[in-house]
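Commentary on secondary and tertiary structure
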Amino acid sequence: MIYEGNQEAITAVIRDQATFNCSCSRPSPSTLNKLESAPKRTESIFIEEQSERRKTMLTTCRSLGKNYTGTLPEVKLKTHMIYDDQTDLLFCNIAKVGSTFLKQVFQILFGYHHRKDPFSIKGGTVHQLPFDTFDKIQYDQALAVLMRSTKIIFVRNPYTRMLSGYVDKLFTNNHVFWRSTGKIILKNHRKNLSIKSKECGHDSTFPEFIKHVIESETSGKNRNPHWCPMYDVCRPCSIQYDVIGKIESFKEDLGSFLKSQHLDEIVDISKMNQGNEREAIYLTVSRAYDVVLRVPKCASLPQALERAWKVLQIRGVLSQLAEFPYKMIEHNSNISKSLFLDVIAKEIKRFPMTQSDKLLSKEQAVVKAYESVSSSDLERFTSIFHPDFSLFGYEKDIGRKHRNFLKWEPFKFKL
């Protein structure tokens, strides 16, 4: 990941937003409930929440029976089980559930790094860093680890997790996934492919992606851990997890867990939100420049930057009111990365967002994405991921359109 001279400017803008108050669009009732109705997190509340989550999980396991034990091959399953003998912690790693940040945290907890700030470990390299996993030990050893360890799992609403997988791997400028997955999606789910789409795999839509997930999960072909069901990856009906965290209350759950294990002095997650946004900006913009360098036939720089802009809006980093600078790009089609990052920093400052605004923006991106999916495909998708909804206490509700976002088109391009 490349950090340039304007890192400090973007960091300052993001930091300012954390304390900014504005008369912005009123968030949805569900967002308000998350922000205003939640009691202050205490140890007793954390214990009570964990008890309820485990109860929901165990009750659902009994009702699901043996049909939902999972089909992921054992050799792949073992790679998701990350453990440490010194701390007696076991973490089941699920893609698109804060896995990058969690790995940064566990790198510190397990003693691989000795700085308290998780962002001192570059997010782009953390997945290549060493961890002890079950694929490296024998059955008896793995069983002993399960018996003595505090077992942790973080989960996410299947609807938002699936959209995150699509945005991060296919909608963004990710030429690796365009080639490996985008081409397959377009070949199987689009008629009359253009030459460019056939060669690049760059423009699969969310409805086409959902069809691909349905097909891969029902046939067992072309499955990918970034959108496999969570229950299949971590087997919660076979492994009784002690801590069940949720991405929807990520910072609170992770903080409470660290405190309960007396680990909160080892790692500092106080700047998690600001750090994640900063990382998102640099990674998203860097991908735009990289894709033009790697596969210039698949995207021009203006097209790649427009795509990056949309990604940051979908992720709630940029306001939906921040318009892509079409005129500027038209007159400067080879704009430097540094200058484009400056433009983003100015737009973040021009349209500041509170935490409730960001949550609302993310909610509306989900609504926009799934309204384009056919009712039959949505029903099939929800059925396939029914165990995830039930085991982890998620409602099968996509949400409702907000009046301030009716004209927002986060998944459509002009260039």
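All of the points below concern the structure found in this document. (Residues numbered from 1 in each chain as written. Predicted model: local features only at pLDDT ≥ 70, side-chain atom pairs only at ≥ 80, totals over all residues. Heavy atoms only, no water.)

This part is about the state of the cysteines. Scanning all chains against the criterion turns up three disulfides. Each sulfur of the disulfide joining Cys61 and Cys237 lies 2.1 Å from the other. The sign of the S-S torsion, about -95°, decides the handedness of the disulfide formed by Cys61 and Cys237: left-handed. Taken together, the residues span a long stretch of sequence, with Cys61 in helix H3 (residues 43-64) and Cys237 in the loop between helix H11 (230-234) and strand E5 (243-246) at a distance of 176 residues. Residue class for Cys61 comes out buried when judged on its relative accessible area of 12%. One disulfide bridge connects Cys92 with Cys234, the sulfur atoms lying 1.8 Å from each other. In this structure, the disulfide formed by Cys92 and Cys234 twists by about -95° around the S-S bond and is classed as left-handed. Taken together, the residues Cys92 in strand E2 (residues 89-92) and Cys234 in helix H11 connect sequence positions 142 residues apart. The class of Cys92 is buried, set by a relative accessible area of 0%. The class of Cys234 is buried, set by a relative accessible area of 0%. (Disulfide = S-S within 2.5 Å. Helix = DSSP H or I, 4+ residues; strand = E, 2+ residues; numbered from the N terminus. Buried < 20%, exposed > 50% of the residue type's maximum accessible area, 1.4 Å probe, protein only.)

With respect to topology, five strands assemble into an open sheet ordered E3-E1-E2-E4-E5, the strand pairing being mixed. Since the sheet does not close on itself, it has two edges, and those belong to strand E3 (132-133) and E5, each with one partner. Examined bridge by bridge, strand E1 (residues 81-84) and E2 share four bridges and lie antiparallel to one another. Residue pairing across strands places Tyr83 opposite Leu90, the latter belonging to E2. Along the sheet, helix H5 (residues 99-109) makes contact with E1, E2 and strand E4 (150-155), crossing E2 at roughly 165°. (Pairing = 2+ DSSP bridges. Contact = heavy atoms within 4.5 Å. Axes fitted to C-alpha atoms, helices over the stretch in contact; angles between N-to-C directions.)

What follows is about the pairing of E4. Along E4, six of the six residues are buried, which leaves the element largely enclosed by surrounding structure. Residues Thr150, Ile152 and Phe154 line one face of E4 and the alternating positions Lys151, Ile153 and Val155 line the opposite face, and both faces are buried. With four bridges joining them, E4 and E5 adopt parallel strand pairing. Among the inter-strand pairings, Phe154 is bridged to a residue of E5, identified as Gly245.

Now for the side chain of Lys310. As for its placement among the helices and strands, Lys310 is situated in helix H14 (residues 301-314). With no salt bridge to any partner, buried Lys310 finds its closest opposite charge in Glu306, at an N-O distance of 5.3 Å. A polar contact is formed between the side chain of Lys310 and the backbone oxygen of Lys412, at a distance of 2.9 Å. Ignoring anything within four residues of it in the chain, the contact list for Lys310 reads Phe171, Glu409, Pro410, Lys412 and Phe413. (Lys, Arg positive; Asp, Glu negative; His and termini not counted. Salt bridge = Lys/Arg side-chain N within 4 Å of Asp/Glu carboxyl O. Polar contact = N/O pair within 3.5 Å; in protein donor to acceptor, adjacent residues only side chain to side chain.)

Looking at the secondary structure, you find Asn174 in the loop between helix H7 (158-171) and helix H8 (175-189). Residue classification places Asn174 among the buried residues on the basis of a relative accessible area of 8%. Non-local contacts of Asn174, meaning those with residues more than four positions away in its chain, are made with Asp168, Lys169 and Arg287.

The next thing to look at is the packing of H7 against helix H18 (residues 375-384). Relative to each other, H7 and H18 sit at 110°, their axes nearing to 11 Å. If you check the angle between H7 and H18, you find them roughly perpendicular. Two secondary-structure elements touch here, H7 through Pro158, Tyr159 and Met162 and H18 through Leu378, Phe381 and Thr382. Residue composition of the contact of H7 with H18, grouped by class: five nonpolar, one polar and no charged. (Parallel < 35°, antiparallel > 145°, perpendicular 65-115°, else oblique. Nonpolar A, V, L, I, M, F, W, Y, C, P; charged D, E, K, R; others polar.)

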